[in-house]
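Given next are the chains, with one letter for each unit.
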Amino acid sequence: MFNVLAINPIAISLGPLEVRWYGILIALGIVLAFIVVQKEMVKRGMHPDFLTDLLIWAVPIAIISARIYYVIFSWDYYKDHPAQIIQIWEGGIAIHGALIGAFITTYFFTKKRGISFWKVVDIAAAGLLIGQIIGRWGNFMNQEAHGGPVSEKFIETTIIPDWIMNQMTIEGVTYHPTFLYESMWNIVGLIIIIWLRKVSLKRGEMFLFYLVWYSAGRFFIEGMRTDSLYVIGELRAAQLVSVITIIVAIVVFIVRRYVQKVNVNYKDK
């Protein structure tokens, strides 16, 4: 059914220089996330330059850690193709690796500046989802991060637009657009976070909600994908990390609210 020519992953070609949609969409996600988070940080009484100073360190470290994470769990391939390790423009970064790098950078940066880590990541939660929502469409352009083949019944009954299903048709086989499922899941999470800003949450709980929400969706969607990174055997790295993240986030929530009895709210400056 879907045999129209797929979208070219290269947006602009200038001689040997190629600009890919993947990179454009990642950059767009970062810019939009910056605008939203910057506005909220200033509203919460933080210096206008704080986020810029943080991102100067966090963005490159997140990209590098995302690549390192991907290469580690794909080492059987990269050990025989070491020259491709740095070819990040071809795809092959892992969001969990990016988040780990960004969170570690943020922790040490806020500690050095004498600012609450929990305050910063609370505010950043909405921006993280915005970046992930848009960034997943880079996978769409690259025809990657998809699920297994869909049935004819799915094709006949789906409400997903034809132009999406066409891009998910590779060599005559149509696959589940799992990138779309995750993007939609994150849109719902973003709506909830915007609503939660009106609720009297304790500092840190907005961020903990983000961790649980994203990880829960990622766990189930990852089970549909055909390009998963594996730890051992059939144990998928993203699912293992998601489960650990959910458990840790819930434990931290309980400890902070009922043991430490944190009394600072999200809205407090």
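Cut-offs applied
- Residues numbered from 1 in each chain as written.
- Predicted model: local features only at pLDDT ≥ 70, side-chain atom pairs only at ≥ 80, totals over all residues.
- Heavy atoms only, no water.
- Helix = DSSP H or I, 4+ residues; strand = E, 2+ residues; numbered from the N terminus.
- Buried < 20%, exposed > 50% of the residue type's maximum accessible area, 1.4 Å probe, protein only.
- Contact = heavy atoms within 4.5 Å.
- Core = buried A, V, L, I, M, F, W, Y, C linked by side-chain atoms within 4.5 Å.
- Expected span 1.5 Å × (residues − 1).
- Bend = angle between axes of the 7 residues up to and from the residue.
- Polar contact = N/O pair within 3.5 Å; in protein donor to acceptor, adjacent residues only side chain to side chain.
- Axes fitted to C-alpha atoms, helices over the stretch in contact; angles between N-to-C directions.
- Parallel < 35°, antiparallel > 145°, perpendicular 65-115°, else oblique.
- Left-handed = near helix turned anticlockwise from the far one by under 90°.
- Nonpolar A, V, L, I, M, F, W, Y, C, P; charged D, E, K, R; others polar.

Chemist: Would you mind showing me how to read the environment of Leu190 here?
Modeler: Considering the arrangement of structural elements, one finds Leu190 in helix H8 (residues 178-196). When its relative accessible area of 16% is taken as the criterion, Leu190 is described as buried. Considered as a pair, Leu190 and Tyr70 are 120 residues apart in the sequence and their alpha carbons are 26 Å apart. Sequence-distant contacts of Leu190, that is, excluding residues within four places in its chain, are made with Ala126, Leu129, Ile130 and Ile133.

Chemist: Looking at this model, I keep getting lost on the nonpolar core. Mind explaining?
Modeler: Across soluble globular proteins, you tend to see nonpolar side chains buried next to one another. Core analysis: the biggest nonpolar cluster contains 43 residues, and Met41, Phe50, Leu54, Ile193, Met206, Tyr210 and Leu211 have the highest contact counts within it. Counting only elements with at least two residues in this core, the list comes to helix H1 (21-43), helix H2 (50-72), helix H4 (95-113), helix H5 (117-142), helix H7 (162-167), H8 and helix H9 (205-222). In terms of residues, this core owes the most to one element, H5, which gives 12 residues. Those residues within four positions of Met206 in sequence are excluded, and the remaining contacts are Asp122, Ala125, Ile193, Leu196, Arg197, Leu201 and Tyr266.

Chemist: Looking at this model, I keep getting lost on H5. Mind explaining?
Modeler: Note: α-helices contain 3.6 residues per turn, so residues at a spacing of three or four share the same orientation. The end-to-end C-alpha distance of H5, which contains 26 residues, comes to 35 Å, matching closely the 38 Å that a straight helix rising 1.5 Å per residue would cover. Ala125 marks where H5 bends most, by close to 40°. The N-capping residue of H5, defined by a side-chain oxygen 3.3 Å from the backbone nitrogen of Trp118, is Ser116. In the stretch just after H5, Gln143 is the one whose phi turns positive, near 55°.

Chemist: Please clarify how the environment of Asn265 should be interpreted in this entry.
Modeler: Residue position: Asn265 is located in the segment after helix H10 (237-259). When the C-alpha atoms of Asn265 and His81 are compared, they prove to be 50 Å apart, with 184 residues separating the residues in sequence. Those residues within four positions of Asn265 in sequence are excluded, and the remaining contacts are Ser200, Leu201, Lys202 and Arg203. Polar side-chain contacts of Asn265 include one of 3.5 Å to the side chain of Lys202.

Chemist: Help me understand the packing of H8 against H9 in this model?
Modeler: Following both chains from N to C, one finds H8 and H9 inclined at 160°, their axes separated by 10 Å at the closest point. Between H8 and H9, the angle is such that the two are roughly antiparallel. Of the two elements, H8 crosses H9, and the hand of that crossing is right-handed. Contacts from Thr178, Tyr181, Glu182, Trp185, Asn186, Val188, Gly189, Ile192, Ile193 and Leu196 in H8 reach Met206, Phe209, Tyr210, Trp213, Tyr214, Ala216, Gly217, Arg218 and Ile221 in H9. Looking at side-chain class alone, the contact of H8 with H9 contains 13 nonpolar, 4 polar and 2 charged residues.

Purely spatial values, then, with no claim about function.
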